[in-house]
Amino acid sequence: MDRQQINYSVYLVTDSTAGILGDRDLVPVVAAAVKGGATIVQLRDKTSETAELIRIAKRLHDVTRAANIPLLINDRVDVALAAGVEGVHIGQDDIDLASARRLLGQQAIIGVTANSEEEALTAARDGADYLGIGTVFATPTKDNTKSIIGTAGVRQILIKLAEEGLGHVRTVCIGGINHSNVQRVLYQTASAQKKLDGVAVVSAIIAAQDPQEAASSLSQLIRSPPAFAAAFTSKTSLNRDDMIRAAPLLVKRLAEQKPLCHNMTNLVVQNFAANVVIAVGASPIMSNNGNEARDLAQLGGSLVVNMGTSTPEGRANYLQAIRAYNAVGGPILFDPVGAAATQDRRDGVRELMAGGFFSVVKGNEGEIRTVAGAVGISQRGVDSGDAQLSLDQRVELVRSTAARERNVIILSGPIDVVSDGERTVTIRNGHEYLGEITGSGCTLGATVASLLAVERKDAFLAVVTAMLMYEIAAERAAPRPDVKGPGTFVPAFIDELYHIRQESVEGNGAWAAAAQ
Ligand code: 3NM
Ligand code: MG
């Protein structure tokens, strides 16, 4: 077996702890998984006696040899030698890499677990064939995991390997990977510098009713990009002026298509948000019930997840809806209202970000700093205490967070900063009355989501269009003679959103010239 040609894409780890195997025998389960498309197998058994381990290894080896894929043994070089398999996988507390290599020889495949940049670089320099990077997400399959590093942590390790000239080392990630998140994990960990060669799973295959089907569907998912990726990978090359010209056309398309904009939002803004969604040309449904999200996601619209009313049940509902929209590629805007205010909200942000992909995250400075810091890895500009960031720092925060998440980030304020990691623009429109009413941030989110529903090729264009429409409407409303203050501003603002929509439908895009 040529070590350079190993296919790491569907890496099966056969841990049978935590009762996931039930009363089934491991060997036929693995045989089914291999038939379904597992490309490499690791026997991980922390409990059996040595003689029994060798017996299992030999039986598994018959299965993997017939399929011409490698079998590795976790930790036990002696068992690997006795059974004559292709190699071992070693953890940080196991035998060292140099000794394993000396005992097994140059042809053996040796993989190493890496939890940090330092562990990854050391193992790569010392000649590991591949790295098992994790723990990505918390998992019941392994209770002594060190730290949860999320997709952002994996991505950071991959970039570091490439920067240090170690990009040739093969990589998989492990921990909580399953059918519902594998495409997102591969998408969000990838950068121009380096991407994963595959994912390692235990329960997604071993605990499945039908391990062959589980492996085969996982393999299929790994080979295709997630449904939501098109809005970020087929980016147009529009610059800021192009986008200002394109904005009225997109508003017109919104009015013509009138997509569903599903809002899971807080108690305060339900009515205002629904009115704004109607005014901009979409069709609102205000439902915080996760059970109906699957049906709603089929209708081709977008979702707002607004954390403003934070409860544990709320979070479970959000996660249900996020999975439903991710599965069909429906765009999601995440509004982490008050993200930094309480520990519960910080936990909520972390849990939701680990639970799905958000096309757009919108927040003020404190909220975006919390989002940027939520993944347990250090990020410059976020950790710098309570001081207000300068405009340059905000631009860098937004750009680097968008690049890391591979989505669009909006940092709203007197000067809004928007980035998709490659393109970054500032917008200076708006009016101070927006700061004097409740729900202006939330309804901006609903406006952005409405436009995301009809622009599936370029999320950044949808976001810039929504922000211009929203803030220029505020500028037009505030000086109207009927507006005496924030109270009378609200209805005038809804009027002006409606007028901008109508002008756009009539082919009059002059409003966008007010963009600053
Ligand atoms: N190693 P599942 S996590 C064996 O982080 C193992 O190094 C991990 O199981 C690490 O796919 C893990 O069921 C268990 O989440 C992965
Ligand atoms: Mg180990």
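Residues numbered from 1 in each chain as written. Chains lettered and ligands numbered in written order. Predicted model: local features only at pLDDT ≥ 70, side-chain atom pairs only at ≥ 80, totals over all residues. Heavy atoms only, no water.

### Considering the site of ligand 1
At step 1: Close to ligand 1 lie 13 residues; Thr-135, Thr-139, Thr-141, Gly-176 and Ser-203 are nearest.
At step 2: Between an oxygen atom of ligand 1 and a side-chain N or O atom of Thr-135, the distance comes to 2.4 Å.
At step 3: Classifying every residue of the shell around ligand 1 by side-chain character gives three nonpolar, eight polar and two charged. (Near = heavy atom within 4 Å. Polar contact = N/O pair within 3.5 Å; in protein donor to acceptor, adjacent residues only side chain to side chain. Nonpolar A, V, L, I, M, F, W, Y, C, P; charged D, E, K, R; others polar.)

### Here's the deal with the nonpolar core
At step 1: Among the nonpolar cores identified, the biggest contains 79 residues, and Tyr-11, Leu-131, Ile-177 and Ile-205 are the most heavily contacted of them.
At step 2: With residues near it in sequence (within four places) discarded, Leu-131 still touches Val-112, Ala-120, Ala-123, Ala-124, Leu-161, Val-169, Arg-170, Thr-171 and Val-172.
At step 3: Core analysis: the next-biggest nonpolar cluster, separate from the first, contains 63 residues, Phe-232, Ala-473, Trp-511 and Ala-515 among them. (Core = buried A, V, L, I, M, F, W, Y, C linked by side-chain atoms within 4.5 Å. Buried < 20%, exposed > 50% of the residue type's maximum accessible area, 1.4 Å probe, protein only. Contact = heavy atoms within 4.5 Å.)

### Concerning helix α2 (residues 50–66)
At step 1: Along its 17 residues, α2 runs 24 Å from first to last C-alpha, staying within 8% of the 24 Å computed at 1.5 Å per residue.
At step 2: Looking at α2, one finds that the buried residues are Leu-53, Ile-54, Ile-56, Ala-57, Leu-60, His-61, Val-63 and Thr-64.
At step 3: Structurally, α2 contributes buried residues whose contacts are with α1 (26–36), β2 (40–43), β3 (71–74) and α3 (77–83).
At step 4: Backbone geometry just downstream of α2 places Asn-68 in the positive-phi region, at approximately 60°. (Helix = DSSP H or I, 4+ residues; strand = E, 2+ residues; numbered from the N terminus. Expected span 1.5 Å × (residues − 1).)

### Considerations on the sheet that holds strand β6 (residues 130–134)
At step 1: The parallel closed barrel is built from eight strands, whose spatial order is β1-β2-β3-β4-β5-β6-β7-β8. Pairs of neighbouring strands in the sheet enclose a mean axial angle of 25°, with direction left out of account.
At step 2: Inspection of the sheet shows strand β5 (residues 109–114) paired to β6 by four bridges, in the parallel sense. Looking at β6, one finds that Gly-111 is bridged to Tyr-130.
At step 3: Where helix α4 (residues 97–104) meets the sheet, its contacts fall on β4 (87–90) and β5, and the angle it forms with β5 comes to roughly 165°. (Pairing = 2+ DSSP bridges. Axes fitted to C-alpha atoms, helices over the stretch in contact; angles between N-to-C directions.)

### Things to note about the packing of helix α12 (residues 270–280) against helix α20 (residues 486–505)
A pair of packed helices is characterised by two quantities: the angle between their axes and the separation of those axes.
At step 1: With their axes 7 Å apart at the nearest point, α12 and α20 run at an angle of 25° to one another. Between α12 and α20, the angle falls in the class roughly parallel. In this structure, α12 uses Phe-272, Asn-275, Val-276, Ile-278, Ala-279 and Val-280 to contact α20, whose residues at the interface are Val-490, Phe-493, Ile-494, Leu-497, Tyr-498 and Arg-501.
At step 2: Taken together, the residues of the contact of α12 with α20 sort by class into 10 nonpolar, one polar and one charged. (Parallel < 35°, antiparallel > 145°, perpendicular 65-115°, else oblique.)

### Some remarks on the packing of aromatic side chains
At step 1: Following the criterion strictly, the structure yields 10 aromatic pairs and no others.
At step 2: Between Tyr-470 and Phe-493 the ring centres are 4.9 Å apart and the planes differ by 80°, which places this aromatic pair in the edge-to-face class. Here Tyr-470 is found in helix α19 (residues 459–477), whereas its partner Phe-493 is found in helix α20, with 23 residues between them in sequence.
At step 3: The structure contains a cluster of three or more aromatic residues connected by ring pairs, namely Tyr-187, Phe-228, Phe-232 and Phe-357.
At step 4: The ring of Tyr-187 is capped by Arg-406, whose NZ or CZ atom sits 4.1 Å from the centre of that ring. (Phe/Tyr/Trp six-rings, centres within 6.5 Å; stacked < 30°, edge-to-face > 60°. Lys NZ or Arg CZ within 6 Å of the ring centre and 35° of its normal.)

### Focus: the pairing of strand β10 (residues 283–286)
At step 1: In terms of strand pairing, strand β9 (residues 260–264) meets β10 through four bridges, oriented parallel. Looking at β10, one finds that Leu-260 is bridged to Ser-283.
At step 2: The parallel pair β9 and β10, bridged by α12, forms a crossover whose chirality is right-handed. (Right-handed = clockwise from strand over helix to strand, strands pointing away.)

### Things to note about the confidence of the model for the protein chain
At step 1: Averaged over all residues, the pLDDT of the protein chain is 93; the fraction at 70 or higher stands at 96%.
At step 2: Note on residues 378–384: pLDDT is under 50 here. Beyond four places in sequence and across chains, it has 15 contacts.
At step 3: We note a pTM of 0.92 for the whole complex and an ipTM of 0.92 for its interfaces. (pLDDT = per-residue confidence, 0-100.)

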